[in-house]
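Take a look at the letters that make up each chain.
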Amino acid sequence: MQQTTIAILGAGAWGVALANLATANNHDVRLWSRRGSQTLETVVKDAQIVLSAISMKGVSDVASQIKSLPLSPQTIFVTATKGLDPKTTCTPSQIWQTVFPHHAVVVLSGPNLSQEIQQSLPAATVVASNNRPGAEFVQLVFSSHCFRVYTNPDPIGVELGGTLKNIIAIAAGVCDGLHLGTNAKAALVTRGLTEIIRIGKSWGAKTETFYGLSGLGDLLATCNSPLSRNYQVGYQMAAGKTLAEILSHLPGTAEGVNTCQVLVQLAKQQSIAVPISEQVYRLLQGEITPRQALEELMLRDIKAEYN
Ligand SMILES: NC(=O)C1=CN([C@@H]2O[C@H](COP(=O)(O)OP(=O)(O)OC[C@H]3O[C@@H](n4cnc5c(N)ncnc54)[C@H](OP(=O)(O)O)[C@@H]3O)[C@@H](O)[C@H]2O)C=CC1
Ligand SMILES: O=C(CO)COP(=O)(O)O
């Protein structure tokens, strides 16, 4: 394909990995970070794709800054952030689409631990949008022999799969940190997926999306890898560290911590049962110990698997 000009916002672990993938495909890549020397205006000028790999806490602010800058009407926005906005409870793609209602917005999400991508290990991801040509263009830009990109027409499902699995990854870290065994982990991840689907369906996502790369796929990656920062949060809490201690040494962002707070609040308002997320929330708040969280989950009223 022809060389594409891509502005990547956020020079953290994921922004840099995505920039390297696009550079390896011979695209013209400009990386922006608030600590860098280039202005946002210079970086987004004439960009065909503006990809955000900014942590959730910076998305709204950066999107509003770009709003006042000159952009081609054809510019496609890609969001790779996995979080929920605490102020509005919106997903990152909802924020980008609200600020840029006339532009295509594409969600990029999948089992993509950045350290493995940086080593050019094989991986697959999903690009999802209501704008099919937009998603197909982004697919072409990033696809390579080591990065297989699928399209999907359910952006909210793909985004929620990648976002909500972070809460379950914290729980999986606790499970491994307490040495609860393989059966416990399988039960936790499977019931975690059921919980994600329950929320996703009520927010308009398709069930089948959660059985794909951004749901089940990302659960398998982050619930089983010490490379996942969210998993590390749970694992280290099981070892008795406080959340503050863990976050002060964590390399990068563990979005699941804030996502859990937003999700539990929303689920309560909407009367959606999220028992695992609720225990993760209480644990993160310091209200209960990892062992108490386990007991609470095991001693819930017995019920049918699906209802
Ligand atoms: N790492 C991974 O494996 C993957 C991460 N993700 C998601 O990508 C997002 C970023 O993750 P990752 O790169 O790992 O995190 P990092 O902590 O490594 O980087 C975060 C980036 O966001 C920027 N940022 C944070 N707050 C603001 C703000 N207020 N304004 C502007 N920029 C801000 C940081 O800038 P600064 O350096 O100046 O602080 C940094 O560039 C997260 O949502 C994560 O869930 C998705 C898939 C894989
Ligand atoms: O989302 C990720 C992999 O797909 C990265 O997970 P962590 O943010 O937990 O490191």
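Source: prediction; values computed, not measured.

(A) Representation of the UniProt feature "domain: Glycerol-3-phosphate dehydrogenase NAD-dependent N-terminal" (unreviewed entry) in the protein chain in the model. In this structure's numbering, the residues bearing the UniProt feature "domain: Glycerol-3-phosphate dehydrogenase NAD-dependent N-terminal" (unreviewed entry) are residues 38–132. As a span, residues 38–132 carries 33% helix and 20% strand, and end to end its C-alpha atoms are 32 Å apart.

(B) Up close: the site of ligand 1. In the region of ligand 1, 23 residues are neighbours, and Trp14, Arg34, Arg35, Thr253 and Glu255 sit closest. Separating an oxygen atom of ligand 1 from a side-chain N or O atom of Arg34 is a distance of 2.8 Å. Measuring from an oxygen atom of ligand 1, one finds a side-chain N or O atom of Glu255 at 2.7 Å. Protein contact buries 87% of the 890 Å² of open area that ligand 1 shows by itself. Looking at the shell around ligand 1, the elements with two or more residues in it are α1 (13–24) and α3 (56–67).

(C) Fine view of the sheet that holds strand β1 (residues 5–9). Read from one edge of the open sheet, seven strands run β2-β1-β3-β4-β5-β6-β7, paired in mixed fashion. The sheet terminates laterally at β2 (28–32) and β7 (147–152), the two strands that pair on one side only. Between one strand axis and the next, the sheet turns through 25 degrees on average, direction left out of account. Of the pairings in the sheet, the one linking strand β6 (residues 123–128) to β7 comprises six bridges and is parallel in character. Across the sheet, Val127 pairs through a bridge with Thr151, a residue of β7.

(D) Representation of the side chain of His103 in the model. Mapping His103 onto the fold places it in the loop between α4 (92–99) and β5 (105–109). Once residues within four sequence positions are removed from consideration, His103 is found in contact with Leu71, Ser72, Pro73, Thr75, Phe77 and Gln97.

What counts, and where the lines are drawn
Residues numbered from 1 in each chain as written. Chains lettered and ligands numbered in written order. Predicted model: local features only at pLDDT ≥ 70, side-chain atom pairs only at ≥ 80, totals over all residues. Heavy atoms only, no water. UniProt positions renumbered as here; feature names shortened; annotations may be inferred. Helix = DSSP H or I, 4+ residues; strand = E, 2+ residues; numbered from the N terminus. Near = heavy atom within 4 Å. Polar contact = N/O pair within 3.5 Å; in protein donor to acceptor, adjacent residues only side chain to side chain. Areas by Shrake-Rupley, 256 points an atom, 1.4 Å probe, with all protein chains shown as cover. Pairing = 2+ DSSP bridges. Axes fitted to C-alpha atoms, helices over the stretch in contact; angles between N-to-C directions. Contact = heavy atoms within 4.5 Å.

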